[in-house]
Each structure stands twice: as structure tokens, then as C-alpha cells.
Amino acid sequence: THFGYSEVPLNEKQGLVDDVFHKVARRYDIMNDLMSGGMHRLWKDTLAAKVNARGRKGFRHLDVAGGTGDVAFRISASAAHDAEIVVLDINGDMLEVGRDRARERGVSGVEFVQANAESLPFPDAHFDSYTVAFGIRNVPRIDVALAEAHRVLKPGGRFLCLEFSQVAVPGLDKLYEAYSFNVIPAIGKLVAGDSEPYRYLVESIRKFPSAEEFERMIRRAGFRRTGFERLTGGVVAIHSGWKS
Ligand code: SAM
């Protein structure tokens with residue numbers, strides 16, 4: 001392990017993750033732009049387009065680990081006006097930034113809920129779709145979060161996950177590795193005044209299962225017609241599954 005975070009016991013992982021996002025909440029959006037060279041916008045657009053809330057009356061969507069609302073705002077922009085969109089995050093600071101942004105942009109129909117992805121405060125079969133973007137790798141027990149996703153979706157509902165993945169293009173992998181271990185913590189230090197949270201993020205990306213293995217986890221949680229799509233040479237992947 002590079003930074004020792006791998007040794008953190010499961011029950012302490014959440015506290016560590018919470019510290020990271022507490023520290024960076026106010027600067028989270030600018031950091032995203034800097035670190036991904038603006039690419040995260042494109043990836044999130046691709047994800048949001050798959051939700052296809054357009055025109056469907058009473059559509060209910062849940063965006064888990066939704067942070068400052070980036071994915072939810074995109075979905076809300078194309079959804080029917082009576083759609084209900086919930087942004088759920090464990091961190092009140094990230095949600096606060098999201099609420100401020102919603103107010104500034106005049107976004108309505110988006111609700112912010114503080115809760116844990118491993119224990120969703122919603123009844124069974126409640127949502128038409130579920131997204132999680134750059135969030136699932138932060139959750140200590142991913143299998144529990146996937147089971148919860150399956151539980152709150154209606155039959156016929158869709159699970160979608162955008163997450164960093166393994167770069168599959170020879171050459172690009174080495175470049176990407178050098179970038180993430182050197183440039184990302186350095187940008188973190190410049191903008192947020194601390195490189196440590198970003199070392200943790202980079203480490204968590206390395207430890208995340210391969211796209212194939214993550215698809216198997218989604219199937220184990222009960223989803224069917226599963227699949228994934230790699231974007232940007234495998235820097236990120238979008239996984240999908242349906243509740244039957
Ligand atoms: N989805 C947003 C985006 O793409 O801009 C935010 C992604 S941010 C990298 C990860 C988010 O996951 C943080 O806001 C963090 O608070 C949240 N998070 C971490 N553990 C969580 C958990 N157990 N349940 C819900 N949210 C969690």
C-alpha cells in the first residue's frame with residue numbers, strides 16, 4: 001500500500017471519508033473541474049442522459065452520495081416538472097453546498113436528505129431509478145449499499161453507477177497513474193490547503209474492484225440485465241442493472 005489507508009479497519013473508514021468531504025465541501029466543485037480537466041461534466045452528462053426521466057409523470061429518482069447536487073441538477077433539467085428527485089449524502093456540509101446551489105439556480109423539485117447509503121430511509125419499491133456517481137467506492141460495505149439500492153427500486157427500476165475504473169489503454173495507464181499520484185494531491189494542496197484527503201481518494205480508486213468484478217457484485221445484489229460502459233479509455237465506467 002502506498003499511504004497506509006488500506007490498513008484502516010472497516011468501522012473507521014466512514015469517519016475518514018467524512019473528514020475528507022468535510023474539509024473539501026466548499027471547494028469540491030472547483031476541485032472536480034481542476035482534477036478532471038472538466039471531464040467530470042461530460043461523464044455526468046452521459047450518466048444523467050441514461051436516467052431518461054423526460055415526460056414520465058410522477059417519476060422518482062434517488063441520487064446517492066449526491067454531494068453538491070451535480071448529477072441531480074442534470075436529471076432535474078430534463079425531467080417532467082412533477083418529478084421527485086432526492087439527493088442523499090451522509091455529509092451535511094456537502095448537502096449544504098448543494099442546497100445553496102439549488103437556491104442560486106432556482107432549481108425546484110430536488111430534495112436533500114442526510115443519510116447513509118447502507119441504510120436508506122425509504123420504503124421498498126419507492127424509486128424509478130437510482131444513481132451514484134463517484135460515491136460507491138467511499139462506502140465501507142458496498143454489498144450492503146447495493147442491496148439497499150435494489151430494495152428501494154421499483155420492479156423495472158434502473159440502477160446506474162458512475163465510478164473510476166481501470167484504464168484499459170496501454171500507455172494511458174502509466175500516464176494516469178503518474179497523474180493521480182502526483183498531480184491530484186498537488187492540486188489538492190494548492191486549492192484545499194491539504195494533499196492528504198486526495199491521497200486517500202487516489203488510494204480508494206486503486207482499491208476499487210475491476211469493472212467485471214463490480215458487475216458481478218451488482219448481479220449478486222439481485223440486479224439483472226447488467227452491463228457496463230467504459231468512458232475515456234476506462235478512466236471511468238458506468239454500470240447499469242435493472243430490478244426485475
Ligand atoms: N456524486 C457527487 C459528484 O459526483 O459530484 C459527489 C461525489 S463525492 C466524490 C463522494 C460523496 O460520497 C461525498 O459527498 C460523501 O459525503 C459521500 N459519501 C461517502 N460515504 C457515504 C455513505 N456511506 N452514504 C452516503 N454518502 C456517502
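My aim in this report is to walk through the structure given alongside it, one point at a time. (Residues numbered from 1 in each chain as written. Predicted model: local features only at pLDDT ≥ 70, side-chain atom pairs only at ≥ 80, totals over all residues.)

### Here we look at the site of the ligand
Let me state the cut-off plainly: For each residue, a C-beta atom is placed from the backbone, and the residue counts as near a molecule or strand when that atom lies within 6 Å of it. A run of H or I in DSSP becomes a helix once it reaches four residues, and a run of E becomes a strand once it reaches two; helices and strands are each numbered from the N terminus. Three residue categories are used. Nonpolar comprises Ala, Val, Leu, Ile, Met, Phe, Trp, Tyr, Cys and Pro, charged comprises Asp, Glu, Lys and Arg, and polar comprises the others, including Gly.
Near the ligand there are 21 residues, and of these Ala65, Gly67, Asn91, Ala117 and Ala133 occur at the shortest range. At the level of secondary structure, the elements contributing two or more residues to the shell around the ligand comprise helix H1 (10–24) and helix H4 (70–78). When residues of the shell around the ligand are assigned to their parent elements, the largest contribution, three residues, is made by H1. Within the shell around the ligand, the residues separate by chemical class into eleven nonpolar, seven polar and three charged.

### Considerations on the packing of helix H7 (residues 172–192) against helix H8 (residues 196–207)
Put simply, the test is: The angle between two axes is taken between their N-to-C directions and runs from 0 to 180 degrees, where each axis is a line fitted to C-alpha atoms and a helix contributes only its stretch in contact. For classification purposes, an angle smaller than 35 degrees is called roughly parallel, one larger than 145 roughly antiparallel, one from 65 to 115 roughly perpendicular, and anything else oblique. Here a crossing is called left-handed whenever its near helix is offset anticlockwise from the far helix by less than a right angle, and right-handed whenever the offset is clockwise. Two residues qualify as a contact pair if the distance between their C-beta atoms, derived from the backbone, is within 7 Å.
The contact between H7 and H8 brings their axes to 8 Å, and the two run at 150 degrees. Of the possible angle classes, the one that applies to H7 and H8 is roughly antiparallel. Both H7 and H8 take part in a crossing whose hand is right-handed. When H7 is examined against H8, the residues Ser180, Phe181, Ile184, Pro185, Gly188 and Ala192 are found in contact with a partner set consisting of Pro197, Tyr198, Arg199, Val202 and Ile205. When the residues that make up the contact of H7 with H8 are grouped by side-chain class, the tally is eight nonpolar, two polar and one charged.

### Focus on unusual backbone geometry
Where the residue is not glycine, phi is negative for most of them; where a peptide bond is considered, it is trans in most cases. A positive phi is found at Ala125, a non-glycine position, where the angle reads about 50 degrees. Structurally, Ala125 can be placed in the loop between strand S3 (110–114) and strand S4 (127–133). Notably, Arg225 is not glycine yet its phi reads approximately 45 degrees, a positive angle. In this fold, Arg225 is placed in strand S6 (residues 224–231).

### A word on helix H6 (residues 142–152)
Cut-off, in case you're wondering: The burial label depends on the number of other C-beta atoms within 10 Å of a residue's C-beta. Counts of 20 or more mean buried, 12 or fewer mean exposed, and intermediate counts mean partly exposed, with C-beta atoms placed from the backbone. The arc in question is the one traced by the directions running from the helix axis out to the C-beta atoms.
Listed in full, the buried residues belonging to H6 are Ala145, Leu146, Glu148, Ala149 and Val152. Buried residues in H6, looked at end-on, bunch into an arc of 160 degrees, giving them a common side. In this structure, the buried side of H6 is in contact with strand S1 (60–64), S4, strand S5 (153–164) and helix H9 (211–220).

### Some thoughts on the environment of His126
By the secondary structure assignment, His126 is in the loop between S3 and S4. Of the residues examined, His126 has 16 C-beta atoms within 10 Å and is grouped as partly exposed. In sequence terms His126 and Val113 are 13 residues apart; their C-alpha atoms lie 15 Å from each other. With near-sequence residues (within four places) excluded, His126 lies in contact with Arg60 and Val152.

### What about the pairing of S6?
Short version of the rule: Should DSSP find at least two bridges between two strands, the strands are taken to pair.
Taking burial as the measure, the eight residues of S6 include zero buried ones, a minor fraction of the element. Bridge analysis of S6 against strand S7 (residues 236–242) gives six bridges, and the strand direction is antiparallel. Paired with Arg224 across the strands is Trp242, a residue of S7. The hairpin formed by S6 and S7 contains four residues between the paired strands, and Thr232 there has a positive phi angle of roughly 50 degrees.

### Regarding the sheet that holds S6
With mixed pairing, seven strands are arranged side by side in an open sheet as S3-S2-S1-S4-S5-S7-S6. The open sheet has two edge strands, S3 and S6, and neither has a second partner. Sheet twist, expressed as the mean angle between neighbouring strand axes with direction ignored, is 15 degrees. Inspection of the sheet shows S1 paired to strand S2 (residues 84–89) by five bridges, in the parallel sense. When the sheet's bridge partners are listed, His61 is paired in S2 with Ile85. Packed on one face of the sheet, H6 meets S1, S4 and S5 and runs near 145 degrees to S5.

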